[in-house]
Amino acid sequence: MPNWALKNCCKHDQVVFLITICVFTVVILLLWRTFILTPFKLITVFLHEASHAIACKLTCGQVEGIQVHANEGGVTQTRGGLYWLILPAGYLGSSFWGMALILASTNLLTARIAAGCFVLALFVVLFVAKNWTLRGLCIGFIIFLAVIWVLQEKTTVRILRYVILFIGVMNSLFSVYDIYDDLISRRVNSSDAEKFAEVCPCPCNGVGWGVIW
């Protein structure tokens with residue numbers, strides 16, 4: 001019989017996991033306007049732009065450069081590929097990476113794999129970055145994750161899973177905020193959704209596509 005009452009649905013570890021997500025969400029919202037979160041905001045911008053680049057490569061396009069700016073903006077320069085897949089890949093990709101990192105944080109092995117893949121991605125992007133903000137971000141987070149990894153393996157400070165979870169929650173929140181900030185609170189004509197509305201034959205403006213995404 002289906003357990004519609006959800007009795008005994010959550011074990012201790014699952015409760016701790018859900019509470020930790022709630023705590024991280026509150027902390028992120030409280031510190032949203034502070035400089036403390038700036039590096040993590042920039043890393044979410046990096047994943048947003050990296051998602052554009054991945055969509056471009058998957059649709060046989062060419063990535064000519066990636067930039068992340070200190071004002072939390074970013075640009076991915078592409079040539080070719082399927083534009084109508086590359087444009088939504090930023091917002092949707094950021095949400096996807098947030099989900100993936102949150103799920104990866106539930107297990108130490110998958111957290112290690114996520115951290116390793118993250119470092120590898122940062123290392124690759126280091127060589128295609130077009131500005132020093134992105135280069136510095138890549139170097140800084142490579143060092144940061146390396147230190148966290150060493151602490152995880154060599155000391156009793158075992159926080160790798162929590163760092164991966166925090167970055168995942170940050171990405172999930174930022175992707176929603178980014179759409180709201182670009183399309184609702186202030187209309188940015190150069191936003192991905194506005195550009196998508198220009199190339200898509202459907203009768204839907206940028207705000208509509210932002211809400212759909």
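Read on for a plain summary of the structure. (Residues numbered from 1 in each chain as written. Predicted model: local features only at pLDDT ≥ 70, side-chain atom pairs only at ≥ 80, totals over all residues. Heavy atoms only, no water.)

Take the packing of aromatic side chains next. Scanning the entire structure with this criterion turns up 12 aromatic pairs. For the ring pair F46 and F118, a centre distance of 6.4 Å and an interplane angle of 25° mean the geometry is stacked. Taken as a pair, F46 in helix α2 (residues 38-58) and F118 in helix α5 (residues 108-126) lie far apart in primary sequence, 72 residues in all. Like F46, the residue F118 is buried in the burial classification. One aromatic cluster in this structure is built from F24, F40, F141, F144 and F166. The ring of W132 has R135 sitting right over it, with the charged end atom 4.7 Å from the ring centre. (Phe/Tyr/Trp six-rings, centres within 6.5 Å; stacked < 30°, edge-to-face > 60°. Helix = DSSP H or I, 4+ residues; strand = E, 2+ residues; numbered from the N terminus. Buried < 20%, exposed > 50% of the residue type's maximum accessible area, 1.4 Å probe, protein only. Lys NZ or Arg CZ within 6 Å of the ring centre and 35° of its normal.)

Next up on the list: the packing of helix α4 (residues 89-104) against α5. Look at α4 against α5: their axes get within 8 Å of each other, and the N-to-C directions meet at 140°. Comparing their axes, α5 and α4 come out oblique. Judged by residue contacts, L101, L103 and A104 of α4 engage T110, A111 and A114 from α5. When the residues that make up the contact of α4 with α5 are grouped by side-chain class, the tally is 5 nonpolar, 1 polar and no charged. (Axes fitted to C-alpha atoms, helices over the stretch in contact; angles between N-to-C directions. Parallel < 35°, antiparallel > 145°, perpendicular 65-115°, else oblique. Contact = heavy atoms within 4.5 Å. Nonpolar A, V, L, I, M, F, W, Y, C, P; charged D, E, K, R; others polar.)

Now for the pairing of strand β2 (residues 74-79). Pairing analysis gives 6 bridges linking strand β1 (residues 62-68) to β2, with the strands arranged antiparallel. If you follow V68 over to β2, its bridge partner there is G74. Taking the residues between adjacent antiparallel strands as the criterion, β1 and β2 are bridged by 5 residues, where E72 takes a positive phi near 75°. (Pairing = 2+ DSSP bridges.)

Attention now goes to α2. Relative to the 30 Å expected for 21 residues at 1.5 Å per residue, α2 spans 30 Å between its end C-alpha atoms, a close match to the ideal helical length. Within α2, 16 of the 21 residues are buried, which leaves it mostly tucked inside the rest of the structure. Positive phi appears at C60, one or two residues downstream of α2, with a value of about 65°. (Expected span 1.5 Å × (residues − 1).)

The subject of this paragraph is unusual backbone geometry. If you check the backbone angles, C60 has positive phi at about 65° while not being a glycine. Take C60: its relative accessible area is 73%, and that puts it in the exposed class. A positive phi is found at E72, a non-glycine position, where the angle reads about 75°.

Another aspect to go through is a nonpolar patch on the surface. A contiguous nonpolar patch, built from L82, Y83, W84, L85 and V199 and spanning about 470 Å² of accessible area, is present on the exposed surface. Per element, the largest residue contribution to the nonpolar patch is 3 residues, and it comes from helix α3 (residues 83-86). With respect to the helices, strands and loops of the structure, L82 is situated in the loop between β2 and α3. For L82, a relative accessible area of 37% translates into the label partly exposed. (Patch = residues over 30% accessible without salt bridge, like charges linked within 9 Å, V, L, I, M, F, W, Y side chains within 5 Å. Areas by Shrake-Rupley, 256 points an atom, 1.4 Å probe, with all protein chains shown as cover. Salt bridge = Lys/Arg side-chain N within 4 Å of Asp/Glu carboxyl O.)

One pass over the full model with this rule turns up 0 disulfides. Free of any disulfide, C56 has its nearest neighbouring cysteine sulfur in C60, separated by 9.4 Å. (Disulfide = S-S within 2.5 Å.)

Secondary-structure assignment places N131 in the loop between α5 and α6 (132-154). A polar contact is formed between the side chain of N131 and the backbone oxygen of V68, at a distance of 2.7 Å. Among residues more than four places away in sequence, those in contact with N131 are I66, Q67, V68 and H69. (Polar contact = N/O pair within 3.5 Å; in protein donor to acceptor, adjacent residues only side chain to side chain.)

What follows deals with the pattern of salt bridges. For the coordinates displayed, the defined rule picks out 3 salt bridges. Notably, a salt bridge pairs E72 with K41, separated by 3.7 Å at the nearest N-O pair. With a gap of 31 residues between them, E72 in the loop between β1 and β2 and K41 in helix α2 connect regions that are remote in the sequence. Judged by relative accessible area, which is 28%, E72 ranks as partly exposed. Between R79 and E64 there is a salt bridge; the shortest N-O distance is 2.0 Å. Taken together, the residues R79 in strand β2 and E64 in strand β1 connect sequence positions 15 residues apart. Judged by its relative accessible area of 38%, E64 is partly exposed.

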